[in-house]
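Descriptive structure summary
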Amino acid sequence: MKKLLSLLSILLLNLTLYGQIEEELRNQKVDFESTTIENTQHIISTIYSFVGDDFDSLDIQLLLSSELIAMLMIDKTEENDSITFGDVYNKMLELKQKPDFSTYKEQTIIVFEFLQKPADYDNWEKDKQFLEDMGLESRMIDSIGEYIKEKNNPNLTYNDVLNEFSDIYESQKVTKEEPHEILDRFYDIELFDEERLLQQSKLENKPILLYFTGHNVVNCKKIEMNVLFQDEVADVIMENFIFVPLYIDDRTALPEGIKKSVKDPNGSIRHLKTIGERNSYYQYSRFENSAQPYFAVINAENEVIKTADFNYRTITKFVSFLKEALDKSQK
C-alpha cells in the first residue's frame with residue numbers, strides 16, 4: 001500500500017485475465033535475464049513509449065500492474081522462445097480490448113479522483129460509503145476513520161492518509177488477536193473456582209457467562225462454529241462478560257482436597273473424581289439442567305440473570321440473549 005498501485009490492488013481486485021498472458025511486442029527482444037536497474041528501466045520506458053493511438057499512460061500502468069511481464073517471461077521460457085516488445089504490444093492491446101478492461105479503467109479513475117480528495121472528517125460518512133463500495137473490510141474502514149479523526153488535518157489527501165495509515169494497520173493486523181482466538185484461549189481453564197470468579201466479576205464489573213459444554217457433544221460444536229466463534233458474537237462476549245466454559249466430559253482427575261461424594265436426586269451416592277463429573281454435578285444441582293450446550297449468566301452476587309440452550313443457535317438469537325442478560329445485570 002506504500003505506492004499507489006499497491007493501494008489499488010487492495011481497493012480493487014485485479015482481473016484474472018491479467019494473469020493469463022502469453023506473448024509480447026516489437027522485433028526487439030526483451031532481456032529478462034538481466035536484473036540490473038538499468039535493464040529494468042529500459043524495459044519499462046520502452047513499454048511506456050507505446051502511449052499513442054492504442055494506449056494512454058493509464059492503460060500502460062493498469063496492464064503492467066498485473067505482472068504481465070513476469071507471466072510472459074515464464075510462458076515464453078517454457079516454449080524456448082524469446083520475447084519481443086512486439087509480443088508485449090500485441091498482448092496488451094488484446095487485453096485492453098476485452099470488455100472487463102474498460103470497467104476496470106473507469107473504476108480506477110474514480111479511485112484516483114477519490115485519492116486526491118481532502119481527508120476531512122466532516123465528510124467521513126460520505127467517504128466511508130465509497131470505501132465500503134470499493135470492498136474494504138469494515139474493520140479497516142473504521143480504523144481509517146479513527147485515524148483521520150485523530151489527525152484532524154483536512155489538508156491531507158486520502159492518498160496521504162492511506163499511505164501513512166497502511167504501515168500502522170498492517171502491523172496491528174499481524175499482532176491483533178481475533179475475537180474467536182481470544183475465546184479459544186479460555187478453553188484452557190482447568191478448574192472452576194466460583195469464589196474467585198465472583199471476586200473477578202466485582203472487580204471488572206462484568207457478569208459471568210458460564211458455558212456447559214463437552215469435547216464430544218455435537219450440538220456444542222455446532223453452536224461454537226456457527227455462533228460463538230463468529231466475530232459479532234465473540235466481540236460482545238469478550239467486551240462484556242467473563243467467559244467460563246465448563247466441560248462435562250473432562251476426565252482430568254480432581255485434586256484430592258476437592259474430590260467429594262454427593263447425593264443424586266434419586267438419593268444414590270455419587271463420587272466426583274474428575275473435573276467433568278464436578279462440572280456436570282454443578283450444572284444439575286445449580287440450574288436443574290443436564291443438557292449441553294447450556295449457558296447461564298450470573299452476577300457478582302451469584303444471582304442467576306438469564307439462561308440459554310441450543311435453541312439459541314443463531315447469531316441473532318444469541319446476541320439478543322447476551323444483550324438482555326447484560327441489561328438485567330446492570331440494573
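Refer to the structure above for everything that follows.
What you see is a predicted model, and the numbers here were worked out from it, not measured in a lab. (Residues numbered from 1 in each chain as written. Predicted model: local features only at pLDDT ≥ 70, side-chain atom pairs only at ≥ 80, totals over all residues. Heavy atoms only, no water.)

Brief notes about helix α3 (residues 57–64)
Among all positions in α3, only L58, D59, I60, L62 and L63 are buried. At the N-terminal boundary of α3, the capping side chain belongs to D56, with an oxygen 3.1 Å from the backbone nitrogen of L58. (Buried < 20%, exposed > 50% of the residue type's maximum accessible area, 1.4 Å probe, protein only. Helix = DSSP H or I, 4+ residues; strand = E, 2+ residues; numbered from the N terminus. Polar contact = N/O pair within 3.5 Å; in protein donor to acceptor, adjacent residues only side chain to side chain.)

What about the pattern of salt bridges?
Taken as a whole, this structure holds eight salt bridges when the rule is applied. A salt bridge links K105 to D56; the shortest N-O distance between them is 2.6 Å. Separated by 49 residues along the polypeptide, K105 in helix α6 (residues 99–115) and D56 in the loop between α2 (37–48) and α3 bring together distant segments of the chain. The partner of K221 in a salt bridge is E224, with the nearest N and O atoms 3.9 Å apart. One end of the pair is K221 and the other is E224, both in helix α12 (residues 218–228) and three residues apart, which spans about a single turn. A residue is classified by how much of its surface remains accessible, and E224, at 5% relative accessible area, is buried. Sharing partners across several salt bridges, the network here consists of D56, D59, K96 and K105. (Salt bridge = Lys/Arg side-chain N within 4 Å of Asp/Glu carboxyl O.)

Re the sheet that holds strand β7 (residues 304–309)
One open sheet accounts for four strands, arranged β3-β2-β6-β7; its pairing is mixed. Looking at strand neighbours, the two that pair on one side only are β3 (242–247) and β7, the edges of this open sheet. Sheet twist, expressed as the average angle between the axes of neighbouring strands with direction ignored, equals 20°. Where strand β6 (residues 294–298) lies against β7, five bridges are found, and the strand directions are antiparallel. Each bridged residue has a counterpart across the sheet, and for F295 the counterpart in β7 is A308. (Pairing = 2+ DSSP bridges. Axes fitted to C-alpha atoms, helices over the stretch in contact; angles between N-to-C directions.)

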